[in-house]
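Chain residues, written in single-letter form:
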Amino acid sequence: MSYQKEQEVAELAVQRAAILTKKVFHEKAKGTLSKNDSSPVTIGDFGAQALIIAAIKSNFPNDEVVGEEEASSLREDTNLRDQIWELVKGTSLSDSKAEDILGGPIASMYAMLDAIDAGNSAGGAKGRIWALDPIDGTKGFLRGGQYAVCLALMVDGDVKVGVLGCPNLPVDDSVALTADSGVDQTDEEGKGVLFSAVFGQGATSRPLTSVGMGERKAIQMKSVSDLSQATFCESLEAGHSSHSDQSAIASKLGVTKPSVRMDSQAKYGSIARGAGDIYLRLPTSATYREKIWDHAAGDLIVREAGGEVTDSLGRRLDFSKGRILAENKGVVAAPAAIHSHVLSVVKEVMEAKK
Ligand SMILES: Nc1ncnc2c1ncn2[C@@H]1O[C@H](COP(=O)(O)O)[C@@H](OP(=O)(O)O)[C@H]1O
Ligand SMILES: [Mg+2]
Ligand SMILES: [Mg+2]
Ligand SMILES: [Mg+2]
């Protein structure tokens, strides 16, 4: 299958949602709520989820969606609900043909709430299921840092299409990551990139604001001949991955540069285009399980760009186990040529801890 239509819809849906998130990014009040697990969610997360699911359902009515957010709190909080509806109503692609492809505007506020709740699929190993993270890196989004709008299509448990919209990464693939790539990104000059991949067809990037195939460029991971010069990325949030384990691994590998700390799947996109080299995510707790929407698009984009992605034990990420990566622990993403070496050092450091 070429998945051409799926890729087109996914890219345009992510683009449209990013118009909404960018509006919210520049507002002081982001309508933040605290979820049951005490993590934040904003009007941007809800609005983006609504717009993307509406576009999927308009094109592929029988597909299921595993979306991070749900609308129960909005059905009670009418003030927040109205704010989100104002945003959603006012967001469309400027290209009317592209907007038509997405099915046009959502019909009503109740249709918007239903769209958000249609992200309730249990996931699994059968059929066509989309994994959606409307804002990945919500903490980065609130801080003025990196975040990503993430969408992937899985067919029978395998990721076939992956799209990442990164409004705060440079458009230019050749700009290497630096220590401040993950912090204060409130200046928009030259920013906004869309990464996209279809299984077996390679990975690309293009400006997040352009419509169509014109400015699309193939991306590739960088080949790393000297690990001392490699750039490794990790979460900015110390609670999301173990900075101490990652620093022990990096120093054993001979990496000399300090890590680039940034939020969201912008890390996957950055290494896929060679702006960085390695992404490490070692668990901070024995019980936490990664969510499929935090990895599905990034996993495919990195693999299609010549990388390999496994967990800390060397197993491929298994997206067929429901809403979480039930059978995986942590993430190790690196160019295929050095992945097994990186993994052996990860295992060594993790063994030594026992
Ligand atoms: N204890 C934990 N370990 C690993 N990931 C966690 C975590 N708690 C939350 N997360 C996830 O980390 C994601 C952000 O990743 P990163 O640290 O790379 O920016 C969050 O996505 P959201 O921001 O979409 O909620 C959330 O799903
Ligand atoms: Mg979240
Ligand atoms: Mg996320
Ligand atoms: Mg999220």
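Quick note: structure is the one above.
Residues numbered from 1 in each chain as written. Chains lettered and ligands numbered in written order. Predicted model: local features only at pLDDT ≥ 70, side-chain atom pairs only at ≥ 80, totals over all residues.

Asks: Help me understand the nonpolar core, please; the structure alone is not making it clear to me.
Replies: Nonpolar side chains in soluble globular proteins tend to end up buried together. Formed by 107 residues in total, the largest nonpolar core has its most connected members in Ala13, Ile52, Leu151, Ala152 and Ile301. Broken down by element, this core gets its largest block of residues, 11 residues, from helix 1 (residues 4–25). When residues of this core are assigned to domains, at least three fall in each of domain 1 (4–219) and domain 2 (227–353). Excluding anything up to four places from it in sequence, Ile52 contacts Ala13, Val14, Ala17, Leu132, Pro134 and Leu151. (Core = buried A, V, L, I, M, F, W, Y, C linked by C-beta atoms within 7 Å. Buried ≥ 20, exposed ≤ 12 C-beta atoms within 10 Å, placed from the backbone. Helix = DSSP H or I, 4+ residues; strand = E, 2+ residues; numbered from the N terminus. Domains from an automatic or database assignment. Contact = placed C-beta atoms within 7 Å.)

Asks: I tried to follow the environment of Glu69 on my own but got confused; where do I start?
Replies: Here Glu69 is to be found in the loop between strand 3 (64–67) and helix 3 (72–76). Glu69 gets classed as buried once you count the C-beta atoms within 10 Å, which come to 26. Remark: the alpha-carbon pair of Glu69 and Ile116, spanning 47 residues in sequence, is separated by 7.0 Å. If near-sequence neighbours (up to four positions away) are discounted, Glu69 is found in contact with Val41, Asp45, Phe46, Gln49, Ile116, Gly119 and Pro134.

Asks: What exactly am I supposed to notice about the sheet that holds strand 5 (residues 148–155) here?
Replies: Working definition: the strands of a sheet are paired by backbone hydrogen bonds and lie parallel or antiparallel to each other. Read across the open sheet, the seven strands follow the order 3-4-5-6-7-8-9; overall the sheet is mixed. Of all strands in the sheet, those bounded by a partner on one side alone are strand 3 and strand 9 (217–219). On average, adjacent strands in this sheet sit at an angle of 20° to one another, irrespective of strand direction. Each of strand 3, strand 4 (128–136) and strand 5 touches helix 2 (residues 43–59); the most contacted strand, strand 4, lies at about 155° to it. (Pairing = 2+ DSSP bridges. Axes fitted to C-alpha atoms, helices over the stretch in contact; angles between N-to-C directions.)

Asks: What is the right way to read the packing of helix 2 against helix 4 (residues 78–89) from this model?
Replies: For the pair helix 2 and helix 4, the least separation of the axes is 9 Å and the interaxial angle reads 55°. By the criterion of interaxial angle, the relationship of helix 2 to helix 4 is oblique. Crossing hand, helix 2 versus helix 4: right-handed. Residue-level inspection shows Ile43, Phe46, Gly47, Ala50 and Leu51 of helix 2 in contact with helix 4, the latter providing Leu80, Gln83, Ile84, Leu87 and Val88. Its residues assigned to classes, the contact of helix 2 with helix 4 comprises eight nonpolar, two polar and no charged. (Parallel < 35°, antiparallel > 145°, perpendicular 65-115°, else oblique. Left-handed = near helix turned anticlockwise from the far one by under 90°. Nonpolar A, V, L, I, M, F, W, Y, C, P; charged D, E, K, R; others polar.)

Asks: Can you help me understand the pairing of strand 3 in this one?
Replies: A regular strand carries its side chains on alternate faces of the sheet. Burial along strand 3 is two-sided: the residues Glu64 and Val66 and Val65 and Gly67 are all buried. Relative to strand 4, strand 3 is paired through four bridges, and the arrangement is parallel. Bridged to Val66 within strand 4 is Ala131.

Asks: Where do I start with the site of ligand 1 in this structure?
Replies: In the region of ligand 1, 18 residues are neighbours, and Gly137, Thr138, Ser235, His240 and Asp263 sit closest. Ranked by the residues each element gives to the shell around ligand 1, the list is headed by strand 4, at three residues. Its residues placed into classes, the shell around ligand 1 shows two nonpolar, nine polar and seven charged. Per-domain counts for the shell around ligand 1 show at least three residues from each of domain 1 (4–219) and domain 2 (227–353). (Near = placed C-beta within 6 Å.)

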